[in-house]
Amino acid sequence: MGHACPVCATPQRDAEHLANHLAFTAMLHGDAHEAWLDEHAPGWESEGVAELAPVVVEYAETVEYDEVFEDTVPEGDGHDHDHGHPPTGAAFDAGDADADADTQRVLAEARELTRAMLDDEDGDAADDDNKS
């Protein structure tokens, strides 16, 4: 079970994910998510997930939230999860015209940090293989 966003009804895993969804969407887009937070959780901009989650979950409908874990995917499904390329499906593409300059800068920095993290993980895995 999870919680539906009280603004857009997007299901979230738990109260913490719901709080993050609302806050990140509000910060990136403004829109109804920001207005909802301003009304229901004044001061949300300066609070962390630990403070925000208990507040927002009170307004959220409980919904089915099906999670898929790698150990529940049948073997031989023909889908290798080590694709060798960055994940897709981000809310913005690098050239998204709807994103203002500040949002594009933040997203570019996040993509670079993700690439560095993934590169580091690949290096750690290679190191582990060499130790065996």
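Chains are numbered independently. Their residues run from 1 in the order of the written sequence. Only residues with pLDDT of at least 70 are given local features in this predicted model, and only at 80 or more are side-chain atom pairs given and counted; all residues enter the totals for whole chains, interfaces and linings. Excluding hydrogens and water, the side-chain figures rest on all heavy atoms present in the structure.

*Asks:* When you look at the nonpolar core in this model, what are you seeing that I'm missing?
*Replies:* A general trend in soluble globular proteins is that nonpolar side chains are found buried together. In terms of nonpolar packing, the biggest core is built from 15 residues, with L18, L22, L37, W44, L52 and V56 touching the most fellow members. Where this core is concerned, the elements lending two or more residues are α1 (15–29), α2 (31–40) and α3 (49–57). Segments assigned H or I by DSSP are reported as helices when at least four residues long, segments assigned E as strands when at least two residues long, and all are numbered from the N terminus. Tallying contributions element by element places α1 first for this core, with 6 residues. Residues are treated as being in contact if the distance between any of their heavy atoms lies within 4.5 Å. Not counting residues up to four positions away in its chain, the partners in contact with L52 are A19, A23, L37, A41, W44 and E47. Put simply, buried Ala, Val, Leu, Ile, Met, Phe, Trp, Tyr and Cys residues joined by side-chain atoms within 4.5 Å make one nonpolar core. Each residue's exposure class comes from its accessible area (1.4 Å probe, protein chains only) as a fraction of the maximum for that residue type: buried when under 20%, exposed when over 50%, partly exposed otherwise.

*Asks:* What should I look at first to understand α3 in this one?
*Replies:* Helical periodicity: at 3.6 residues per turn, an α-helix aligns residues three or four positions apart in one direction. Those residues of α3 lying buried are L52, A53 and V56. Seen along its axis, α3 keeps its buried residues to an arc of 105 degrees; they face one direction. Against the buried residues of α3 lie α1 and α2. Our arc is simply the arc of the directions from the helix axis toward the C-beta atoms.

*Asks:* Before we go on, may I ask you to explain the sheet that holds strand β3 (residues 61–63) in this structure?
*Replies:* Strands pair in a sheet through their backbones, by hydrogen bonds, and they do so in one of two ways: parallel or antiparallel. On the basis of which strands lie adjacent, the open sheet formed by 3 strands has the order β2-β1-β3 and antiparallel pairing. Of all the strands in the sheet, the pair left with one neighbour each is β2 (11–12) and β3. Judged from the 2 bridges that link them, strand β1 (residues 2–4) and β2 form a sheet pairing that is antiparallel. Within β2, the position partnered with H3 by the bridge is Q12. Between any two strands, at least two bridges found by DSSP are needed for them to pair.

*Asks:* Would you mind going over α2 with me for this structure?
*Replies:* Within the sequence span of α2, burial applies to H33, W36 and L37. Taken down its axis, α2 places every buried residue within 95 degrees of arc, on the same side. Contacts made by the buried residues of α2 are with α1 and α3. Under this definition, polar contacts are N or O atom pairs within 3.5 Å; protein pairs additionally need one hydrogen-donor-capable and one acceptor-capable atom, and for neighbouring residues in sequence, both atoms have to be side-chain atoms. Between the side-chain oxygen of the N-cap and the backbone nitrogen of H33 there are 2.8 Å, and the N-cap of α2 in question is D31.

*Asks:* How should I be thinking about the packing of aromatic side chains in this particular structure?
*Replies:* Ring pairs (aromatic) are described by centroid distance and by the angle formed between their planes. The criterion for an aromatic pair is that two Phe, Tyr or Trp rings (for Trp, the six-membered ring) have centres within 6.5 Å, with stacked assigned to planes under 30 degrees apart, edge-to-face to planes over 60 apart and tilted to the rest. Following the criterion strictly, the structure yields 1 aromatic pair and no others. Summarising the aromatic geometry, the rings of W36 and Y59 are spaced 5.4 Å apart at their centres and angled 85 degrees between planes, so their arrangement reads as edge-to-face. Of this pair, W36 sits in helix α2 while Y59 sits in the loop between α3 and β3, and the two are 23 residues apart along the sequence. Taking the relative accessible area as the measure of exposure, W36 reaches 11% and is therefore buried. We classify Y59 as partly exposed; its relative accessible area is 42%.

*Asks:* For this particular structure, what's the right way to read the pattern of salt bridges?
*Replies:* Side chains that differ in sign of charge can pair as their charged atoms come close. The salt bridge criterion pairs a side-chain nitrogen of Lys or Arg with a carboxyl oxygen of Asp or Glu, the two atoms within 4 Å. Under the defined criterion, the tally for this structure stands at 3 salt bridges. Here R105 and E109 are joined by a salt bridge, their closest N and O atoms 3.9 Å apart. You can see R105 and its partner E109 sitting in helix α4 (residues 101–131), 4 residues apart, about one turn around the helix. For R115, the salt bridge is made with E112, and the minimal N-O distance between the two is 3.3 Å. Pair noted here: R115 and E112 are both in helix α4, with a separation of 3 residues, about one helical turn. Residue class for R115 comes out partly exposed when judged on its relative accessible area of 38%. Note on E112: relative accessible area 46%, which makes it partly exposed. Each member of the salt-bridge network shares a partner with another, and the members are D102, R105 and E109.

This is a description of form; function is not addressed.
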